[in-house]
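Fold and geometry: a report
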Amino acid sequence: MRRTSAAHLTRGLLFLTLAASLNARDVAAQPLDPVERPPLVSDVGPAGEAGLMNLDVDFESLEQPVSQERPCGGCPPRRLGTAFLQATYINVFYELANLIRGQATAHITPSTWWTNMERGWEWDLDDFAVNQIGHPYQGNNYYTAGRANGLSFWESSALTAFGSGTWEYFGETNQASLNDFINTTLGGIALGEMFHRAAWLVRNTRATGKSRLWSEIGATAIDPVGGVNRFVSGDSSRVSDKPPDMVPSMLGTIASAGVIWRGSNTNEVESTTGPFFEIDGLYGDVETAARSRTPYDAFAVRLAFGGGSALSEARVRGRLIGQPYRNGTLQLTVAQGYQYNANAAYRFGAQSVDVRLGGTKHVTQRTSVWANAWGGLTILGAVDSIPLEGAPEEVPDPDAPQGVSTGPRFYDYGPGTNFGGYVNVKRGALTFLTFGYEAHHLHVLDGVRANHLLQRARVDLLVPVRGRLGLGVTGEYFDRRTYYQQPGVERALFQFPQFRLALTWSAS
């Protein structure tokens with residue numbers, strides 16, 4: 001089902017923030033069991049650094065006692081009914097946004113609802129970015145509605161499935177889409193918990209005045225539903241500690257900006273050179289072996305722009321379960337993944353779950369090596385069905401109603417497997433060398449019948465220059481192999497090397 005462009009997504013976001021405010025008060029609440037894990041680091045301010053706010057304020061006199069409906073002073077009250085209502089409001093206002101835009105698919109009636117329930121599921125024909133970015137972002141709205149109303153990770157995940165399913169059947173006249181439901185639900189969970197925790201990093205709940213207001217506004221830009229709920233309920237000015245499980249054990253960020261060169265093994269694709277920007281974030285400690293039953297108490301995020309595409313990469317990997325193994329020398333982890341790639345070798349998006357095993361080896365007193373290997377299932381993946389140099393542009397049908405996608409669709413859908421590993425070499429606290437390898441296999445269920453094998457190897461060298469500033473050199477190699485299931489059609493092989501030179505800025 002065709003969603004929106006970036007501008008239209010922004011309009012929809014304005015609608016959903018208004019929706020979230022309609023029912024944030026005066027709903028019966030139930031208590032949760034208190035969170036027992038103590039804070040692991042000091043409070044984190046808007047800029048991601050400890051101790052930014054040092055105001056002469058008697059915080060103890062301002063702080064309000066914990067009520068029975070709150071598991072902690074800074075936690076939102078548990079409002080199960082409100083969470084479901086706000087998820088419904090989000091659907092209503094996405095529907096109104098589509099009506100205002102003139103979408104033919106927005107003219108829903110009880111008759112269209114019944115027809116959708118009779119027809120079952122389909123694989124839709126929407127644009128790649130709409131299905132692999134737009135739908136996960138909408139799912140994030142449902143998920144954060146749950147977290148903003150005191151629901152747990154798993155309860156908010158169920159709410160995301162509820163919001164996604166009701167949208168597919170009742171939000172548009174289009175037939176319910178299976179790929180949309182999976183992408184919205186699983187992608188929404190991954191993005192939602194990441195945005196929810198990122199917003200708590202920005203909030204400074206011990207501050208008052210303008211600094212507090214701006215921290216709440218910044219957090220609202222990241223998590224609109226949670227932010228609006230806090231403004232409506234008064235929590236945006238309430239002095240308290242942060243929820244203990246929203247305080248990470250560690251934080252790390254590295255940003256890179258520079259130039260990227262890309263080659264290829266085909267004459268049809270010319271070598272190119274252009275600017276790029278990449279940011280990698282690490283929330284929590286993924287290297288130290290520890291028992292963890294709090295989903296996403298540790299996760300990694302990467303965003304990359306440029307290098308042939310406005311958004312060339314977006315990924316989130318969050319720990320669901322962690323367990324020490326062999327007396328703490330190894331760490332066993334179950335992780336959830338969301339991934340989006342757009343490069344000369346392929347466009348790829350996936351929702352996955354994998355199992356990881358890693359450990360640290362001290363080579364010298366100051367040098368250590370951390371290695372990690374994984375394998376898992378790709379629940380649903382999407383990849384270009386034909387090579388980029390031979391792919392015709394999709395030409396919209398001029399007679400098609402507004403918002404109706406007529407295809408054809410030039411990418412395939414299917415489940416598969418993933419595996420890989422990476423090695424970090426550290427000198428003290430600084431990671432100066434990283435090697436990573438990943439592979440994704442997809443078996444096509446809808447599209448050009450084939451099996452795709454996508455491989456990527458990457459080496460990063462970081463040389464400190466001064467303070468947080470450094471020089472980074474990166475070499476990458478993309479390998480794409482497509483094995484067609486049609487007689488007389490040979491396999492396709494594409495290989496693309498990349499080299500990058502960048503200035504880096506790191507913080508931890």
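In case you missed it, the structure is sitting above this.
So, here's what we can say about the structure. (Residues numbered from 1 in each chain as written. Predicted model: local features only at pLDDT ≥ 70, side-chain atom pairs only at ≥ 80, totals over all residues. Heavy atoms only, no water.)

**Concerning a nonpolar patch on the surface**
Together, Val 259, Leu 433, Phe 435, Val 459, Leu 461, Val 463, Val 465, Leu 469, Leu 471, Val 473, Leu 501 and Leu 503 make up an exposed nonpolar region whose accessible area comes to about 950 Å². Among the elements that line the nonpolar patch, the one with the most residues is strand 12 (residues 450–466), at four residues. Positionally, Leu 471 belongs in strand 13 (residues 469–484). Relative accessible area serves as the criterion here: at 35%, Leu 471 is assigned to the partly exposed category. (Patch = residues over 30% accessible without salt bridge, like charges linked within 9 Å, V, L, I, M, F, W, Y side chains within 5 Å. Areas by Shrake-Rupley, 256 points an atom, 1.4 Å probe, with all protein chains shown as cover. Salt bridge = Lys/Arg side-chain N within 4 Å of Asp/Glu carboxyl O. Helix = DSSP H or I, 4+ residues; strand = E, 2+ residues; numbered from the N terminus. Buried < 20%, exposed > 50% of the residue type's maximum accessible area, 1.4 Å probe, protein only.)

**Looking at the state of the cysteines**
Per the stated rule, a full pass over the model turns up one disulfide. There is a disulfide in this structure between Cys 72 and Cys 75, and the S-S distance comes to 1.9 Å. When the S-S torsion is 95°, as for the bridge of Cys 72 with Cys 75, the disulfide is right-handed. Grouping residues by exposure puts Cys 72 and Cys 75 together as buried. (Disulfide = S-S within 2.5 Å.)

**A closer look at the packing of aromatic side chains**
Per the counting criterion, the structure on display carries 23 aromatic pairs. Centroid distance Tyr 137 to Phe 195: 6.5 Å. Interplanar angle 75°. Geometry classified as edge-to-face. You can see Tyr 137 sitting in helix 5 (residues 128–148) and its partner Phe 195 sitting in helix 7 (residues 178–202), a full 58 residues away along the chain. Residue class for Tyr 137 comes out buried when judged on its relative accessible area of 19%. (Phe/Tyr/Trp six-rings, centres within 6.5 Å; stacked < 30°, edge-to-face > 60°.)

**Notes on empty space enclosed by the protein**
Tallied over the entire structure, the rule returns three cavities of 30 Å³ or more. Taken as a whole, the largest cavity encloses approximately 140 Å³ of empty space. Contributing to the lining of the largest cavity are 19 residues, with Ala 304, Ser 312, Arg 456, Glu 476 and Gln 498 lying nearest its centre. Among the secondary structure elements, those contributing two or more residues to the lining of the largest cavity are strand 3 (251–262), strand 4 (272–283), strand 5 (299–306), strand 6 (311–325), strand 7 (330–342), strand 12, strand 13 and strand 14 (492–507). When residues of the lining of the largest cavity are assigned to their parent elements, the largest contribution, three residues, is made by strand 5. The residue makeup of the lining of the largest cavity, split by class, is six nonpolar, six polar and seven charged. By volume, the second largest cavity amounts to about 120 Å³. As for the second largest cavity, its lining consists of 14 residues, and the residues nearest its centre are Pro 76, Ala 148, Trp 200, Gly 226 and Arg 230. For the lining of the second largest cavity, the secondary-structure elements that each account for two or more residues are helix 5, helix 7 and helix 9 (224–233). (1 Å grid on protein atoms, 1.4 Å probe; cavity = no way out; pocket = protein on both sides within 12 Å on 5 of 7 lines; lining within 4 Å. Points joined across faces, edges and corners; volume = space filled by probe spheres on them. Nonpolar A, V, L, I, M, F, W, Y, C, P; charged D, E, K, R; others polar.)

**Remarks on the environment of Pro 76**
Here Pro 76 shows up in the loop between helix 2 (59–62) and helix 3 (80–101). When the C-alpha atoms of Pro 76 and Leu 151 are compared, they prove to be 9.0 Å apart, with 75 residues separating the residues in sequence. Other than its neighbours up to four places away in sequence, Pro 76 contacts Arg 70, Pro 71, Arg 147, Ala 148 and Gly 150. (Contact = heavy atoms within 4.5 Å.)

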